Amino acid sequence: MSDARFPVEIVNGVPVVAAPEEIDITNADGLRMALLESAARGPGSFVVDLTRTQFCDTSGLHALVGARKRAQAEGGDLLLVTAGAAVPRIFAITGLDQVFAGFTSLEEALAQIPAVASGAPHGGMPPGTSALPGVSPDDAGA
């Protein structure tokens, strides 16, 4: 069961995790559980809606990197929706802006998922690498 702070909704057949204003060590496990729930809904891609999020610490970043790695291992990806400057700045500082595809709207992110855009089964995307400083991709997936 997902944390109420990280509800998972299915939009056009794609799991979408809604994140709260702050993601930190006190609620990163809730994010991790919601991401696992989304991944369990079948192989393919899913979206994390960070439009309300103003802060995300390293525990949240680790959860996102690990979830993306798991999604890619299943032939999908994790896409992010961000608004404002706070979260994109955190991703730029850590180098994760080079790892995650970021979108400004849920519709834009959903349009990038093959099953939604074409009605075909979710297709695979080539695996990426972790850009968390000092963390190998293998370490980030835990």
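Criteria and thresholds
Residues numbered from 1 in each chain as written. Predicted model: local features only at pLDDT ≥ 70, side-chain atom pairs only at ≥ 80, totals over all residues. Heavy atoms only, no water. Helix = DSSP H or I, 4+ residues; strand = E, 2+ residues; numbered from the N terminus. Buried < 20%, exposed > 50% of the residue type's maximum accessible area, 1.4 Å probe, protein only. Contact = heavy atoms within 4.5 Å. pLDDT = per-residue confidence, 0-100. Pairing = 2+ DSSP bridges. Axes fitted to C-alpha atoms, helices over the stretch in contact; angles between N-to-C directions. Parallel < 35°, antiparallel > 145°, perpendicular 65-115°, else oblique. Left-handed = near helix turned anticlockwise from the far one by under 90°.

K.L.:
Mind showing me how you'd approach the overall build of the chain here?
P.N.:
Helix and strand counts for the chain come out as 6 helices and 7 strands. Starting at the N terminus and ending at the C terminus, the chain contains elements arranged as β-β-β-α-β-β-α-β-α-β-α-α-α. When the 142 residues of the chain are sorted by exposure, 46% land in the buried category. Taking the intrachain contacts of the chain between residues at least 6 apart in sequence as the baseline, contacts between residues at least 24 apart amount to 69%.

K.L.:
Explain the confidence of the model for the chain to me, please; I cannot follow it from the model alone.
P.N.:
Low-confidence regions, as indicated by low pLDDT, have predicted coordinates that should not be scrutinised in detail. Across the chain, pLDDT averages 82, with 77% of residues at or above 70. Within the model, the stretch residues 119-142 combines pLDDT values under 50 with 50 contacts to residues more than four positions away or in other chains.

K.L.:
Would you mind going over the sheet that holds strand β2 (residues 14-18) with me for this structure?
P.N.:
Note on sheets: strands pair through backbone hydrogen bonds, and any given pair is parallel or antiparallel. The strand order across the open sheet formed by 5 strands is β1-β2-β4-β6-β7, and the pairing between neighbours is mixed. Single-partner strands in this sheet number two, and they are β1 (8-11) and β7 (102-103). In the sheet, β1 pairs with β2 via 4 bridges, with the strands oriented antiparallel. When the bridges of β2 are listed, Glu9 appears paired with Val16. Relative to β2, helix α1 (residues 28-40) is tilted by about 170 degrees, and along the sheet it contacts β1, β2, β4 (46-50) and β6 (78-82).

K.L.:
Which parts of the structure should I look at to understand the packing of α1 against helix α2 (residues 58-73)?
P.N.:
If you want to describe how two helices pack, look at the angle between their axes and the distance between the axes. One way to put it is that α1 packs onto α2 with a least axis distance of 9 Å and a crossing angle of 15 degrees. The angle between α1 and α2 falls in the class roughly parallel. Every pair of crossing elements has a handedness; the one defined by α1 and α2 is right-handed. Touching Ala28, Leu31, Arg32, Leu35 and Leu36 of α1 are Ser59, Gly60, Ala63, Leu64, Ala67 and Arg70, all from α2.

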